[in-house]
Amino acid sequence: MKMEDVFAARDLPQTEPARQYYFIDAAKTIVGEKERQLGRKLNYCIHTFGCQMNARDSEKLAGILRQAGYVQSTEKEADLILFNTCTVRENANNKVYGRLGALSHYKKQNDAMVILCGCMMQEKHVVETILEKYPFVDLIFGTHNIYKFAELLVRAMQSEQTVVDIREDEGEPVEDLPVSRKYPFKSGVNIMYGCNNFCSYCIVPYVRGRERSRKPEDILQEIRRLTEDGVVEVMLLGQNVNSYGKTLEEPMSFARLLEQVEQIPHLERIRFMTSHPKDLSDELIDVLSRSKKICPHLHLPLQSGSSAVLKAMNRRYTKEEYLRLVDKIRTKIPDIALTTDIIVGFPGETEEDFMETMDVVERVRFDGAFTFLYSKRTGTPAAARQDQVPEDVAKERFDRLLALVQKISGEKAAQAEGSVATALVEEINAQEEGYVTGRLDNNAIVHFPGGASLIGTLVKVRLKECKGFYYMGEQV
Ligand code: 5AD
Ligand code: SF4
């Protein structure tokens, strides 16, 4: 089949998702021809960097590849290697360049397709670097057109040059494309895309675009279908779920959406990510405290404990407001697990500012915290500041913070020793024979004796021993 034939066909649909299904069929024909030549199936391998959003996007990309006839494999056997990239911190970018460097030899020997997509590709300088240094890449696309993957794949399959398709504007989300889930029993569900907050260190608003919410009926329909397909736990995904629905034609709050999701039969657990403290409503706390299905866990990024740094970060809350919010949540939901994100070494951060962060950590006693060294992102306001914190100073603070965070989360986890909790069994334990691994509703991990038949089920386990980040348990 020639490219002109595919793209010039009179029956080429002009609306989505029909157009993409047309290209999935076209890809299938090309893949089928290759299979006959090689006498075997074609393999794909996806590497996902970054957050849960990217993980979900990768399931969508995998869904399209599978429908086109590819089967999943390791990188060593792959005919198509796809990197879904992240650019939130510089080290995420460096990892991708490293992998690409290592791939050039494999590409020459195996003629595999190499595809790059995701947040990093929304940055002009990245695409320029790739075209210059890694010209063997077959396809580059960004975050706003992943729904078009089938079409771009067909284009790239028939092009000698790198196909580049980056959109500046967001466009409307396209519904009802195939998805291949990593786990049969749990799934992420996008409820909104993009971010409008422009925290001064963060590149996300530039690469993921403005905030758009999916319509509640589309979200509910997707979850209903997932439950019919065996899903018992969903994770509602958005950069700032607390502002869900504000831009809809008929505005709706996140708390109302949660109440409707709760009504879906056979759905057992609801999680969500991420909450911005400035938008967390009393209505949401009420819904959380009443709910039977929403997991008692809030991920509430603090970023810094210093009101001056928070102001410079454009977070729009103070240290005191954050602490008051935590008090309010804990008064209504005493056993809630609280986790957070903290950045160390933001420009201008003094030792006193850092001690304010340590103070909040000691007062709140988070169940878990992701700690990050500030990373300068080109194009963000913070990157232009002259008062960047020297690396050694930031690193020394980071180590102190990490030690404190780990000490506290260890102590908190130990408090649950001996208690009984419900775990969703996720997989066979790779280290310990005869054991499975499950996740508690507060997101903690437990390993206990059991077999494959338990996977995807909710079971009661006694948490016999706390090992810091996880528990050893037994079924009761
Ligand atoms: N440097 C370090 N950490 C960052 N994050 C976002 N941008 C940066 C940056 N430039 C962290 C924040 C956010 C998490 C997803 O990543 O803590 O909550
Ligand atoms: Fe980045 Fe702030 Fe938006 Fe989170 S809320 S994605 S940290 S700009």
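Look a little higher up for the structure.
Along each chain, residues carry numbers from 1 onward, in the same order as the chain's sequence is written. Starting at A for chains and at 1 for ligands, labels are handed out in the order in which the entities are written. It should be noted that, the model being predicted, local features are given only for residues of pLDDT at least 70 and side-chain atom pairs only at 80 or more, the latter also being counted only at that level, while totals for whole chains, interfaces and linings use all residues. Note that the side-chain values use all heavy atoms of the structure and ignore hydrogens as well as water.

(A) Local environment of the overall build of the chain. Of regular secondary structure, the chain possesses 14 helices and 19 strands. Principal-axis analysis of the C-alpha atoms gives the chain an extent of 65 × 60 × 50 Å. A 1.4 Å probe rolled over the protein chains alone gives each residue an accessible area, and that area as a share of the maximum for its type sets the label: buried under 20%, exposed over 50%, partly exposed in between. Within the chain, buried positions represent 54% of all 476 residues. Once local pairs closer than 6 in sequence are excluded, the contacts in the chain between residues at least 24 apart make up 73%. Residues scored as charged are limited to Lys and Arg (positive) and Asp and Glu (negative), so that His and the chain ends carry no count. Here the site of a charge means NZ on Lys, CZ on Arg, CG on Asp, or CD on Glu. Measuring between centres, the 63 positive side-chain charges of the chain sit 1 Å from its 70 negative side-chain charges. For helices the rule is a DSSP run of H or I covering at least 4 residues; for strands it is a run of E covering at least 2, with both sets numbered from the N terminus onward. We call two residues in contact whenever any of their non-hydrogen atoms come within 4.5 Å of each other.

(B) Examining the pattern of salt bridges more closely. Basic side-chain nitrogens of Lys or Arg form a salt bridge, by our definition, when they fall within 4 Å of a carboxyl oxygen of Asp or Glu. Enumeration over the complete set of coordinates arrives at 39 salt bridges. Taking the shortest distance from any N to any O, the salt bridge between Glu 90 and Arg 377 comes out at 2.6 Å. Of this pair, Glu 90 sits in helix α4 (residues 90-110) while Arg 377 sits in the loop between β14 (368-373) and α14 (391-415), placing them 287 residues apart in sequence. Using a relative accessible area of 36% as the deciding quantity, one classes Glu 90 as partly exposed.

(C) Highlighting the packing of aromatic side chains. Ring pairs shown here join Phe, Tyr and Trp side chains whose ring centres sit within 6.5 Å, with only the six-membered ring taken for Trp; geometry is labelled stacked below 30 degrees between planes, edge-to-face above 60, and tilted in between. Counted according to the given criterion, the structure contains 13 aromatic pairs. Judged by centre distance (5.1 Å) and plane angle (90°), the ring pair of Tyr 22 and Phe 23 falls under edge-to-face. Phe 23 sits in the buried class, given a relative accessible area of 0%. Arranged with centres 6.2 Å apart and planes meeting at 15°, the rings of Tyr 97 and Tyr 134 form a pair that is stacked. With Tyr 97 in helix α4 and Tyr 134 in the loop between α5 (124-133) and β5 (139-141), this pair connects stretches of sequence that are 37 residues apart. In our convention, an over-ring charge means Lys NZ or Arg CZ found within 6 Å of a ring centre and within 35 degrees of that ring's normal. One cation-aromatic arrangement involves Arg 89 over Phe 372; the distance from NZ or CZ to the ring centre is 3.8 Å. Across from the ring centre of Tyr 183, 4.8 Å away, lies the NZ or CZ of Lys 186, which sits over that ring.

(D) Region of interest: the site of ligand 1. Nearness is judged by heavy atoms alone; a residue qualifies as near a molecule or strand once a single heavy atom is within 4 Å of it. In the vicinity of ligand 1, the contacting residues are Val 88, Arg 89, Tyr 201, Gln 303, Asp 341, Ile 343, Phe 372, Leu 373, Tyr 374, Ser 375 and Arg 377. One of the side-chain nitrogen or oxygen atoms of Gln 303 is found 2.6 Å away from an oxygen atom of ligand 1. Side-chain atoms alone can form a polar contact between residues adjacent in sequence; in general such a contact is a pair of N or O atoms within 3.5 Å, and within protein one must be able to donate a hydrogen while the other accepts it. Measuring from an oxygen atom of ligand 1, one finds a side-chain N or O atom of Asp 341 at 2.7 Å. Method for areas: the Shrake-Rupley scheme with a 1.4 Å probe, in which residue coverage is limited to the protein chains shown. In isolation ligand 1 offers 400 Å² of accessible surface; the protein chains occlude 86% of this area. In the shell around ligand 1, the residues fall into six nonpolar, two polar and three charged. Lys, Arg, Asp and Glu make up the charged group, whereas Ala, Val, Leu, Ile, Met, Phe, Trp, Tyr, Cys and Pro make up the nonpolar group; the residues left over, Gly among them, are polar.

(E) Quick peek at the pairing of strand β11 (residues 269-273). For β11, a buried count of five out of five residues is recorded, marking the element as mostly surrounded by other parts of the structure. For strand β10 (residues 233-237) and β11, the ladder comprises five bridges, and the chain directions are parallel. Bridge pairing links Met 235 to Arg 271 in β11. By convention, orient the strands away from the viewer: a clockwise path from the first strand over the helix to the second makes the crossover right-handed. Handedness of the crossover joining β10 and β11 through helix α9 (residues 254-262) is recorded here as right-handed. Strands were regarded as paired on the criterion that DSSP finds at least two bridges between them.

(F) A look at helix α8 (residues 216-228). Relative to the 18 Å expected for 13 residues at 1.5 Å per residue, α8 spans 18 Å between its end C-alpha atoms, a close match to the ideal helical length. Those residues of α8 lying buried are Pro 216, Ile 219, Leu 220, Glu 222, Ile 223, Leu 226 and Thr 227. Down the axis of α8, the buried side of the element spans an arc of 160°, and every buried residue falls inside it. Where α8 is buried, its residues touch α3 (52-67), β7 (186-190), β10 and α9. By this rule the span expected of a helix is its residue count minus one, scaled by 1.5 Å. Read the arc as the range of directions from the helix axis to the C-beta atoms.

(G) Local environment of the site of ligand 2. Around ligand 2, the surrounding shell consists of Cys 195, Asn 197, Phe 198, Cys 199, Tyr 201, Cys 202, Val 204, Pro 205, Gln 239, His 276 and Arg 315. Counted by class, the shell around ligand 2 contains seven nonpolar, three polar and one charged residues.

(H) Quick look at the nonpolar core. The set of buried Ala, Val, Leu, Ile, Met, Phe, Trp, Tyr and Cys residues whose side-chain atoms join them within 4.5 Å is what this entry labels a nonpolar core. Residues Leu 236 and Phe 254 are the most contacted members of the largest nonpolar core, which totals 66 residues. Tyr 22, Leu 139, Phe 149 and Leu 152 belong to the second-largest nonpolar core, a separate cluster that totals 33 residues.

(I) The sheet that holds strand β16 (residues 435-440), seen in detail. Read around the closed barrel, the five strands follow the order β15-β16-β17-β19-β18; overall the barrel is mixed. The mean inter-strand angle of the sheet, taken between neighbouring strand axes irrespective of direction, is 50°. Pairing geometry for strand β15 (residues 420-428) and β16, over five bridges, is antiparallel. Bridging from a neighbouring strand, Ala 423 pairs with Leu 440 of β16. Axis angles are defined between N-to-C directions and span 0 to 180 degrees, where every axis is a line fitted to C-alpha atoms and, for a helix, only to the segment in contact.

In short, shape yes, function no, at least from these values alone.
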